[in-house]
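As a plain string of letters, each chain reads:
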Amino acid sequence: MKRIAKSIFASLTLACAFITIGCGEKKTSVQTEDFSMGWNDVVLGETGKDLNVTLKLLNHKTDMLVADYPGKNWQAYLDEFNQLYPGIKIEIDGITDYAEQALLRLQGGNWGDIMMIPAIDNKDLPQYFVSYGSLDDMKKEIRFADRWMYQKQVYGVPYMATAQGVLYNKRIFREAGIQELPKTPDEFIAALKKVKANTSAIPLYTNYAAGWTMVAWDAYIAGCATGRADYQNNIFLHEANPFRNYGDETHPYAVYKVLYDAVANGLIEEDYTTTDWEGSKGMMNRGDIATMVLGSWAFTQMQGAGEHPEDIGYMPFPITIGGKQYAAAGPDYCYGINSKISAERKLASLIFVKWLTEKSGFSYNEGGIPISASDNKYPDLYASFDGVDFVADEPAVEGEEDLLNALNADSELGINAGGNLKVQKIIESAANGDMAFDDIMDEWNSAWTNAQKRNNVSVK
């Protein structure tokens, strides 16, 4: 299959003194250190069969709450889980504006048992969540075990992993006369121009109004644009003016310029302020939209939004480095288990997270890279990625685990941390013609440089 550069596989082998869970009404509240069960202590279908609890899962997948979700909805998964564990009931608490609201709920304390971990400092992980075990143990059982790690302990298990590419409508590309998938920014813009000239489809749908969809562009600036696993959490933090023009259609500059050029050339929707995220799925399926820049998680949603699933394709982001293309690969949100709930609830939560990871097929069903290290079943959507290397970000070096967060906060750029306003500004400036792209990048470089100085970062 594809090579995953520097990726991490993991599971946890927290052995230890077995903890006795009471039956019936006995529920003893314990602190985190009293809970010694680990990933490998749980044998699905055997461990915890006598549990009778109701858990709350706080998550962002509100679309999966509806009966007509184009795929497998939450209720279908819960019905399957309850065939194995009838005594563990799960309540799904969905939040639309998850990135912001989940953080407020986390800080408020009474949020439930399992949540998708929002953007927090790694050093705060032990305060909020149970450790699944050591990195050395976990990386044998799951992929991307280092996403939420502190002091070599793993606090998050990805619900799915994605590769970063571009959604496209195959029929529209054929009608536009695009015979080969574009591999560079210039080729991509040329393809969008063909769509505009030869079809009635919107060449590139920005989904500006949704806001959160703008953050997707940040995901392409590392692995896709540099081919380096050490870029995002190491080089980028210490690089001088990382948003400069490298002159070879690579690095962050090239990624954001694709968006600016598409807008400046009139290759997006007529009124970007009125885009409709839910409606865009059907539009993509019908061929009203030619391309959207989103992670592979969106593929199955586009397929299920109409009568033409066969028309939905997924291609690598159009950047080539030394004659080769790369695709950033990594986890989406990760399950975290509340450190302040009872041992009984922690065990039930661990069982549910392990079932979702190893037995449910969730990641595959959503078009994701498998999380369980023993699962090598990749969805068909990656057919266009033959010969493309997947690149997973290496973790920050010890002592710099929270440096990216600090630089994001000081620069107010929010790279890969909910910074949608800066990307929306690219669209606004390109549409209004009131700010050149290089001037925007100069602003970002200045903000980043000042943040590096305030945080005493050595710059290379």
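Residues numbered from 1 in each chain as written. Predicted model: local features only at pLDDT ≥ 70, side-chain atom pairs only at ≥ 80, totals over all residues. Heavy atoms only, no water.

1. Quick word on the overall build of the protein chain
Okay, step 1: Tallying secondary structure elements over the protein chain gives 16 helices and 16 strands in all.
Okay, step 2: Scaling as 2.2 N^0.38, a compact globule of 460 residues should have a C-alpha radius of gyration of about 23 Å, and the protein chain matches this with 22 Å.
Okay, step 3: Its C-alpha atoms give the protein chain principal-axis dimensions of roughly 70 × 55 × 40 Å.
Okay, step 4: Every one of the 460 residues in the protein chain was classed for burial, and the buried ones make up 57%.
Okay, step 5: In the protein chain, once contacts between residues fewer than 6 apart in sequence are set aside, the share between residues at least 24 apart is 78%.
Okay, step 6: Accessible surface computed for the protein chain: about 18,700 Å², of which carbon and sulfur atoms make up 46%. (Helix = DSSP H or I, 4+ residues; strand = E, 2+ residues; numbered from the N terminus. Rg over C-alpha atoms; globule rule 2.2 N^0.38 Å. Buried < 20%, exposed > 50% of the residue type's maximum accessible area, 1.4 Å probe, protein only. Contact = heavy atoms within 4.5 Å. Areas by Shrake-Rupley, 256 points an atom, 1.4 Å probe, with all protein chains shown as cover.)

2. A short note on the sheet that holds strand β6 (residues 149-150)
Sheets are built from strands paired through backbone hydrogen bonds, the pairs being either parallel or antiparallel.
Okay, step 1: With respect to topology, three strands assemble into an open sheet ordered β5-β7-β6, the strand pairing being antiparallel. A strand with exactly one partner marks an edge of an open sheet, and here the two such strands are β5 (133-134) and β6.
Okay, step 2: Relative to strand β7 (residues 153-154), β5 is paired through two bridges, and the arrangement is antiparallel. The partner of Ser134 across the bridge, within β7, is Gln153. (Pairing = 2+ DSSP bridges.)

3. A closer look at the confidence of the model for the protein chain
Okay, step 1: Across the protein chain, the average pLDDT comes to 91, with 93% of residues at or above 70.
Okay, step 2: Taken together, the stretch residues 1-33 has pLDDT below 50 and engages in 99 contacts with residues farther than four places along the chain or on a different chain. (pLDDT = per-residue confidence, 0-100.)

4. Regarding the pattern of salt bridges
Okay, step 1: Applying the stated criterion to the full structure yields 20 salt bridges.
Okay, step 2: With a closest N to O distance of 2.6 Å, Glu80 and Lys72 form a salt bridge.
Okay, step 3: Taking relative accessible area as the criterion, Glu80 reaches 32% and is therefore assigned partly exposed.
Okay, step 4: In this structure Lys72 comes out as partly exposed when scored by relative accessible area, which is 21%.
Okay, step 5: Between Arg454 and Asp410 there is a salt bridge, with its nearest N and O atoms 3.9 Å apart. Remark: Asp410 occurs in helix α14 (residues 403-411) and Arg454 occurs in helix α16 (residues 437-454); sequence separation between them is 44 residues.
Okay, step 6: One network of salt bridges, in which partners are shared, links Lys61, Asp63, Glu278, Lys281 and Glu366. (Salt bridge = Lys/Arg side-chain N within 4 Å of Asp/Glu carboxyl O.)

5. Side note on the sheet that holds strand β12 (residues 289-292)
Okay, step 1: In space, the four strands of this open sheet follow the order β11-β12-β10-β13, with mixed pairing throughout. Since the sheet does not close on itself, it has two edges, and those belong to β11 (202-204) and β13 (312-316), each with one partner. Averaged over all neighbouring strand pairs, the angle between strand axes comes to 15°, with direction disregarded.
Okay, step 2: Relative to β13, strand β10 (residues 165-169) is paired through five bridges, and the arrangement is antiparallel. (Axes fitted to C-alpha atoms, helices over the stretch in contact; angles between N-to-C directions.)

6. Some thoughts on the environment of Asn59
Okay, step 1: Residue position: Asn59 is located in strand β2 (residues 53-59).
Okay, step 2: Given the relative accessible area of 0%, Asn59 is considered buried.
Okay, step 3: For Asn59 and Tyr333, which are 274 residues apart along the polypeptide, the C-alpha to C-alpha distance reads 8.9 Å.
Okay, step 4: Each residue touching Asn59, except ones within four places of it in the same chain, is listed here: Trp74, Ile92, Asp93, Gly94, Ile95, Tyr98 and Met116.

7. With respect to the packing of aromatic side chains
Okay, step 1: Here the structure, examined in full by the defined rule, presents 33 aromatic pairs.
Okay, step 2: Judged by centre distance (5.5 Å) and plane angle (80°), the rings of Tyr159 and Phe362 are edge-to-face. Of this pair, Tyr159 sits in the loop between β8 (157-158) and β9 (161-163) while Phe362 sits in helix α13 (residues 362-365); the two residues are 203 residues apart in sequence, bridging distant segments of the chain.
Okay, step 3: Members of the aromatic cluster, each reached through a chain of ring pairs, are Tyr231, Phe236, Phe243, Tyr256, Trp444 and Trp448.
Okay, step 4: Sitting over the ring of Tyr85, Lys49 keeps its end group 5.3 Å from the ring centre. (Phe/Tyr/Trp six-rings, centres within 6.5 Å; stacked < 30°, edge-to-face > 60°. Lys NZ or Arg CZ within 6 Å of the ring centre and 35° of its normal.)

8. Details of unusual backbone geometry
Okay, step 1: In this model, Phe144 sits at a positive phi of 60°, which is unusual for a non-glycine residue.
Okay, step 2: Along the chain, Phe144 turns up in the loop between α4 (135-138) and β6.
Okay, step 3: By relative accessible area, which is 3% here, Phe144 ends up buried.
Okay, step 4: Of note in the backbone geometry, Glu249 takes a positive phi value of approximately 60° without being a glycine.
Okay, step 5: The topology assignment puts Glu249 in the loop between α8 (231-238) and α9 (251-264).
Okay, step 6: With relative accessibility at 27%, the residue Glu249 sits in the partly exposed group.

9. Remarks on the pairing of strand β15 (residues 334-337)
Okay, step 1: The alternating pattern of β15 places Cys334 and Gly336 and Tyr335 and Ile337 on opposite faces, both of which are buried.
Okay, step 2: Bridge count between strand β4 (residues 114-116) and β15: three bridges; the pairing is antiparallel. Residue Ile114 lies in a different strand from β15, and its bridge partner there is Ile337.
Okay, step 3: Pairing of β8 with β15 involves two bridges; the strand directions are antiparallel. Counterpart to Val157 in the pairing with β15 is Tyr335.

10. A short note on α14
Okay, step 1: Among the residues of α14, Leu403, Leu404, Leu407, Asn408 and Ser411 are the ones counted as buried. Each buried residue of α14 lies within a common arc of 135° when the element is viewed along its axis, so the set occupies one face.
Okay, step 2: Trailing α14 by a residue or two, Glu412 shows a phi angle of about 60°, which is positive. (Arc of directions from axis to C-beta.)

11. Regarding the nonpolar core
If you look at soluble globular proteins, the nonpolar side chains tend to sit buried side by side.
Okay, step 1: By size, the foremost hydrophobic cluster in this structure holds 149 residues, and its most contacted members are Ile88, Phe129, Leu167, Trp217, Tyr256 and Phe317.
Okay, step 2: When neighbours within four sequence positions are excluded, Leu167 is seen to be in contact with Met284, Ala290, Thr291, Met292, Leu294, Ala298, Phe299, Met302, Ile312, Gly313 and Tyr314. (Core = buried A, V, L, I, M, F, W, Y, C linked by side-chain atoms within 4.5 Å.)

12. Considering the packing of helix α1 (residues 74-84) against helix α12 (residues 343-358)
Okay, step 1: Closest axis-to-axis distance for the α1/α12 pair is 11 Å, and the angle between their directions is 115°. Note on packing geometry: the crossing formed by α1 with α12 is right-handed. In this structure, α1 contributes Tyr77, Leu78, Glu80, Phe81 and Leu84 to the contact, and α12 contributes Ile351, Phe352 and Trp355.
Okay, step 2: Looking at side-chain class alone, the contact of α1 with α12 contains seven nonpolar, no polar and one charged residues. (Left-handed = near helix turned anticlockwise from the far one by under 90°. Nonpolar A, V, L, I, M, F, W, Y, C, P; charged D, E, K, R; others polar.)

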